[in-house]
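Chain by chain, the residues:
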Amino acid sequence: MIPVEEALDLVLKNSYSLKETETLPLEECLGKCLANSIQAPIDLPTFKQSSMDGYALCLHDSNRYLIKGEIKAGESSNPFLEPGECVRIFTGAVVPDSANAVIMQEQTNHKNKVLTIEIPVKNGQNIRPIGSQVQKGDFPLEKGQVLQASGLAFLQSLGIHEVEVIRSPRVTLILTGNELIKPTETFTRGKIYESNSILLRSALQQQGIETQLISFTEDNLKATIHTLEKAFLKADVVLVSGGISVGDYDFVKQALEALDVKQIFYKVRQRPGKPLFFGKKGAKLVFALPGNPASTLSCFYVYVLPLLARMKGSRSDGLMRVSIPIEHDFSSKEPRALFLKASFNNKTVSILDHQHSSMLISFAKANALVYIPEQGIDIKKGAIVETLLLPNTIFT
Ligand code: AMP
Ligand code: MG
């Protein structure tokens, strides 16, 4: 059994970035990493742009201007203004070359064709200069950047519609357990509606990774070996759920050995998720995750995610970690390290009820995991605790 830090270290040491790239439309790039730095093909903005609804002025010494017309967003006109002349203008519209400031309409009065300004105007105000966000030829996004909604939108605003990304790792899932049934099957005594398939599939989807294959296997050695063999054929990473503990009907470890998978570690001094296995077969990596749903997901977030991030070409070490005050006293005599489902509100963090590894109820409401190092603790409200933010938790 090894400590959490050593296990994480071994995951990162055995991680590598996939080399193959693919050129995809932006719509298919959410969560993927850029294979190359992106060079801006245009200036952004590409023209002098008004940032207000108001009047574009050719400045002069008086506060009165003659209104010469109007320019709406999307129009291309470029009227020539003499000092003391102006045009009505709207947000996003082209500011004429001869105008040198825009004044908000709320700061003006007009009567017939004459505009009166109530406050001093600065040269250049309310005009977004050409290239003020990005200049043509610049490299605004670097190789390895993970593309989120904002990154994709930024690229599209540069007129880019496809990019070269590092291909996503191919991940296969195996669910073990004689007790598992699907929600469409009739419930009978002793069975459970299994949940780890949608759990892992959705957690992968959140990382922009579509699962290649989902297989179910009975708790016997032959079937487990057979299912694993098939999963390895299609995968860079195989994730197995359940069957990795020490029960008489846990066959995953034996099956992995039979298939010459090299063990990197087995069992981590943590709760939940002690019987976690990590190994490799050539370049292919395999995690056998303990079947209790909260253990499965905890191990996924803490160990699988950093591996997948590196394979996708990101330099990320996984979930963002912040040091934050705890909202209440907390004590534990558990000698293993703890990952506790928690609710984080940007200033403090609270540990939720229902922490048992068989329970998903707290995970369903959590947006963070509090990490308590080994040896048990007695901490008081306000003490700083290390907190891992779950995907999509915003920290400002
Ligand atoms: P195991 O790791 O196979 O010993 O399973 C530990 C616990 O997790 C048992 O109570 C299993 O019934 C449960 N479990 C295993 N696989 C799943 C699954 N796919 N969905 C929900 N619970 C599961
Ligand atoms: Mg089992």
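Residues numbered from 1 in each chain as written. Chains lettered and ligands numbered in written order. Predicted model: local features only at pLDDT ≥ 70, side-chain atom pairs only at ≥ 80, totals over all residues. Heavy atoms only, no water.

Q: Where do I start with the overall build of the protein chain in this structure?
A: On a plain count of helices and strands, the protein chain comes out with seven helices and 26 strands. Taking 396 residues into account, the globule formula puts the C-alpha radius of gyration at 21 Å, and the protein chain, at 29 Å, lies well above it. Based on the C-alpha atoms only, the size of the protein chain along its principal axes is roughly 90 × 50 × 45 Å. Within the span of the protein chain, comprising 396 residues, buried residues form 46% of the whole. A total accessible area of about 19700 Å² is found for the protein chain, and carbon and sulfur atoms account for 51% of it. Charged side chains of the protein chain number 43 positive and 41 negative; the gap between the two group centres comes to 3 Å. (Helix = DSSP H or I, 4+ residues; strand = E, 2+ residues; numbered from the N terminus. Rg over C-alpha atoms; globule rule 2.2 N^0.38 Å. Buried < 20%, exposed > 50% of the residue type's maximum accessible area, 1.4 Å probe, protein only. Areas by Shrake-Rupley, 256 points an atom, 1.4 Å probe, with all protein chains shown as cover. Lys, Arg positive; Asp, Glu negative; His and termini not counted. Charge placed at Lys NZ, Arg CZ, Asp CG, Glu CD.)

Q: Would you take a moment to explain the layout of surface pockets for this structure?
A: Remark: the empty space left among the atoms is shown by a probe the size of a water molecule rolled over them. Of the voids in this model, the largest pocket is the one considered here, and its volume is about 930 Å³. For the largest pocket, the lining is made up of 36 residues, of which Gly-31, Val-146, Gln-206, Gln-207 and Lys-312 are closest to its centre. Of the residues contributing to the lining of the largest pocket, the split by class is 13 nonpolar, 15 polar and eight charged. The residue makeup of the lining of the largest pocket includes at least three contributed by each of domain 1 (4-20 + 168-311) and domain 2 (21-43 + 132-166). The space that makes up the second largest pocket amounts to roughly 690 Å³. (1 Å grid on protein atoms, 1.4 Å probe; cavity = no way out; pocket = protein on both sides within 12 Å on 5 of 7 lines; lining within 4 Å. Points joined across faces, edges and corners; volume = space filled by probe spheres on them. Nonpolar A, V, L, I, M, F, W, Y, C, P; charged D, E, K, R; others polar. Domains from an automatic or database assignment.)

Q: It is not clear to me how the site of ligand 1 should be interpreted in this structure. Could you clarify?
A: The immediate surroundings of ligand 1 are formed by 16 residues, with Glu-179, Glu-194, Ser-195, Gly-243 and Gly-291 found nearest. Here an oxygen atom of ligand 1 and a side-chain polar atom of Glu-179 are 2.6 Å apart. The contact in question runs from an oxygen atom of ligand 1 to an N or O atom on the backbone of Asn-292, over 3.1 Å. Within the complex, the protein chains bury 77% of what would otherwise be the 490 Å² of accessible surface of ligand 1. With respect to the detected pockets, ligand 1 is housed in the second largest pocket. When its residues are assigned to classes, the shell around ligand 1 shows five nonpolar, eight polar and three charged. (Near = heavy atom within 4 Å. Polar contact = N/O pair within 3.5 Å; in protein donor to acceptor, adjacent residues only side chain to side chain. Sits in = over half its atoms within 2 Å of the grid points.)

Q: Help me understand the packing of helix H3 (residues 196-205) against helix H6 (residues 293-311) in this model?
A: The N-to-C vectors of H3 and H6 enclose an angle of 25°; their axes lie 11 Å apart at closest approach. It follows that H3 is roughly parallel to H6 by the angle criterion. In this structure, H3 meets H6 at a crossing whose hand is right-handed. Here Asn-196, Leu-199, Leu-200, Ala-203 and Leu-204 of H3 lie close against H6, whose contacting residues are Pro-293, Thr-296, Leu-297, Phe-300 and Leu-308. Here the residues of the contact of H3 with H6 are counted per class, giving eight nonpolar, two polar and no charged. (Axes fitted to C-alpha atoms, helices over the stretch in contact; angles between N-to-C directions. Parallel < 35°, antiparallel > 145°, perpendicular 65-115°, else oblique. Left-handed = near helix turned anticlockwise from the far one by under 90°. Contact = heavy atoms within 4.5 Å.)

Q: Teacher, can you tell me more about the domain arrangement of the protein chain here?
A: As a measure of interface size, the accessible area lost when the parts come together is often cited. Parsing the protein chain into structural domains produces domain 1 (4-20 + 168-311), domain 2 (21-43 + 132-166), domain 3 (49-128) and domain 4 (320-389). Here domain 1 and domain 4 have C-alpha centroids that lie 25 Å from each other. On the domain 4 side, the residues contacting the 19 residues of domain 1 number 17 residues. Summed over both partners, the interface of domain 1 with domain 4 buries about 1500 Å², with 61% contributed by carbon and sulfur atoms. Seen at the junction of domain 1 and domain 4, the total is two salt bridges. (Buried area = accessible area lost by both parts, 1.4 Å probe. Salt bridge = Lys/Arg side-chain N within 4 Å of Asp/Glu carboxyl O.)

Q: What should I look at first to understand the sheet that holds strand E14 (residues 211-217) in this one?
A: Spatial ordering of the open sheet is given by E14-E11-E15-E19-E18-E16, a layout of six strands whose pairing is mixed. Edge positions in the sheet fall to E14 and strand E16 (262-266), since each of these pairs with one other strand and no more. The sheet shows a mean angle of 15° between the axes of neighbouring strands, direction not considered. For strand E15 (residues 237-241) and strand E19 (residues 284-289), the ladder comprises five bridges, and the chain directions are parallel. (Pairing = 2+ DSSP bridges.)

Q: What is the right way to look at H6 in this model?
A: Owing to its 3.6 residues per turn, the α-helix aligns residues three or four sequence positions apart on the same side. Bending of H6 peaks at approximately 45° at the position of Val-304, with proline Pro-306 no more than four residues after it. Burial analysis of H6 places 18 of its 19 residues in the buried class, which makes it a mostly covered element. Positive phi shows up at Gly-313, right after H6, with a value of about 105°. (Bend = angle between axes of the 7 residues up to and from the residue.)

Q: Help me out: how do you make sense of the nonpolar core in this one?
A: General note: in soluble globular proteins, nonpolar side chains tend to be found buried as a group. One finds Leu-239, Phe-265, Phe-287, Phe-300 and Tyr-303 to be the most contacted residues of the largest nonpolar core, which totals 48 residues. If you tally residues by element for this core, the top one is H6, at twelve residues. A domain split of this core shows at least three residues from each of domain 1 (4-20 + 168-311) and domain 4 (320-389). Those residues within four positions of Phe-287 in sequence are excluded, and the remaining contacts are Val-11, Val-238, Leu-239, Val-240, Leu-276, Phe-277, Phe-278, Tyr-303, Val-304 and Leu-307. (Core = buried A, V, L, I, M, F, W, Y, C linked by side-chain atoms within 4.5 Å.)

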